[in-house]
Amino acid sequence: MRLRNIPSADDAILNSEYCIKNPEEQKGHWQDCFDKVQPLHIEIGMGKGRFIMDTAALHPDINYIGIERYSSVLLRALQKVEQNPLPNIKFICMDAADVAEVFAKDEVDRIYLNFSDPWPKDRHAKRRLTSTRFLERYNNILTPEGRVMFKTDNKDLFDFSLEQVEEAGWILENHTYDLHHSEYNEGNVMTEYEEKFSAKGNPICRLVAYRHAK
């Protein structure tokens, strides 16, 4: 990824009011970072931030946290939000594997996973953000009614994810192999990748899963 080595990225993150520097210190107290106490939604692997910023602008009654591992990718999101400030959004530069270390039990209402790295080799399956290993991490931070929403254009990864949801004992609320031509597309906010892939004619897959029966 060419953006990883932008020398100014770390300094920009350090000096930005939108980026939380020691996220583990906020565990259990994330609402203190925002002007209002509101439901908390997070996006893991937010990339350049288009999805979460567009979503935050549409839903001022929800607080959002975008998580991105690579500082030079996060830098692009910081540049965007500083041009169009939003009071209900913050960012964290961290590895997704650490989510249960920075969010407390029942602290997150929704998790978005958009076009995550497919890690195509079998030996890397546990690194996929929809693996049972990651679903257990989400289990530790989601509210009882919390949801995971996952979108991808990678059918193999989507099939794997459906299997993992069942194996983890989660409940599949809905799913589709062609989001943009389904009943679930209403209100859908596209990511950069989603727009790019759908323009090529690639169908977008999406699932929503939760842990407990209604």
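Colleague: Account for the environment of Tyr-210, naming residues and giving values.
Modeller: Residue placement: Tyr-210 occurs in strand S7 (residues 205-210). A C-alpha to C-alpha distance of 8.8 Å links Tyr-210 and Val-165, two positions 45 residues apart in sequence. When residues no more than four places from it in sequence are discounted, the contact partners of Tyr-210 are Gly-146, Arg-147, Trp-170, Ile-171 and Glu-173.

Colleague: A description of the pairing of strand S5 (residues 142-152) should follow, citing residues and the corresponding values.
Modeller: Counting buried positions over the 11 residues of S5 gives nine, a clear majority of the element. Here strand S4 (residues 108-114) runs beside S5; their pairing, made up of six bridges, is parallel. Across the sheet, residue Val-108 finds its bridge partner in S5, namely Leu-142. Following the backbone out of S4, through helix H5 (residues 132-139) and into the adjacent parallel S5, one traces a crossover that is right-handed. Note: S5 against S7, five bridges, orientation antiparallel. Directly across from Thr-152, in S7, lies its bridge partner Cys-205.

Colleague: Quick one: what's the story with the nonpolar core, residue by residue and with numbers?
Modeller: Among the nonpolar cores identified, the biggest contains 37 residues, and Ile-42, Ile-44, Phe-103, Ile-111 and Tyr-138 are the most heavily contacted of them. Put simply, the parts of the chain that give this core at least two residues each are strand S1 (40-44), strand S2 (63-68), helix H4 (99-102), S4, H5, S5, helix H6 (155-167) and S7. With five residues, H6 is the single largest residue contributor to this core. The next biggest cluster of nonpolar side chains, apart from the first, holds 21 residues, and it includes Ile-13, Met-53, Ala-56 and Val-81.

Colleague: Before we move on, could you go through the pattern of salt bridges and cite the residues and values that matter?
Modeller: Opposite charge on two side chains makes pairing possible when the charged atoms of those side chains draw close. With the rule as written, the count across this model stands at eight salt bridges. One salt bridge in this structure joins Glu-195 and Arg-50, with 3.1 Å as the shortest N-O distance. Of this pair, Glu-195 sits in helix H7 (residues 192-199) while Arg-50 sits in helix H2 (residues 50-58); the two residues are 145 residues apart in sequence, bridging distant segments of the chain. Judged by its relative accessible area of 38%, Glu-195 falls in the partly exposed class. In this structure, Asp-159 and Lys-155 form a salt bridge, with 3.0 Å as the shortest nitrogen-oxygen distance. Placement of the pair is Asp-159 and Lys-155 together in helix H6, with a separation of four residues, close to one helical turn.

Basis of the calculations
Residues numbered from 1 in each chain as written. Predicted model: local features only at pLDDT ≥ 70, side-chain atom pairs only at ≥ 80, totals over all residues. Heavy atoms only, no water. Helix = DSSP H or I, 4+ residues; strand = E, 2+ residues; numbered from the N terminus. Contact = heavy atoms within 4.5 Å. Buried < 20%, exposed > 50% of the residue type's maximum accessible area, 1.4 Å probe, protein only. Pairing = 2+ DSSP bridges. Right-handed = clockwise from strand over helix to strand, strands pointing away. Core = buried A, V, L, I, M, F, W, Y, C linked by side-chain atoms within 4.5 Å. Salt bridge = Lys/Arg side-chain N within 4 Å of Asp/Glu carboxyl O.

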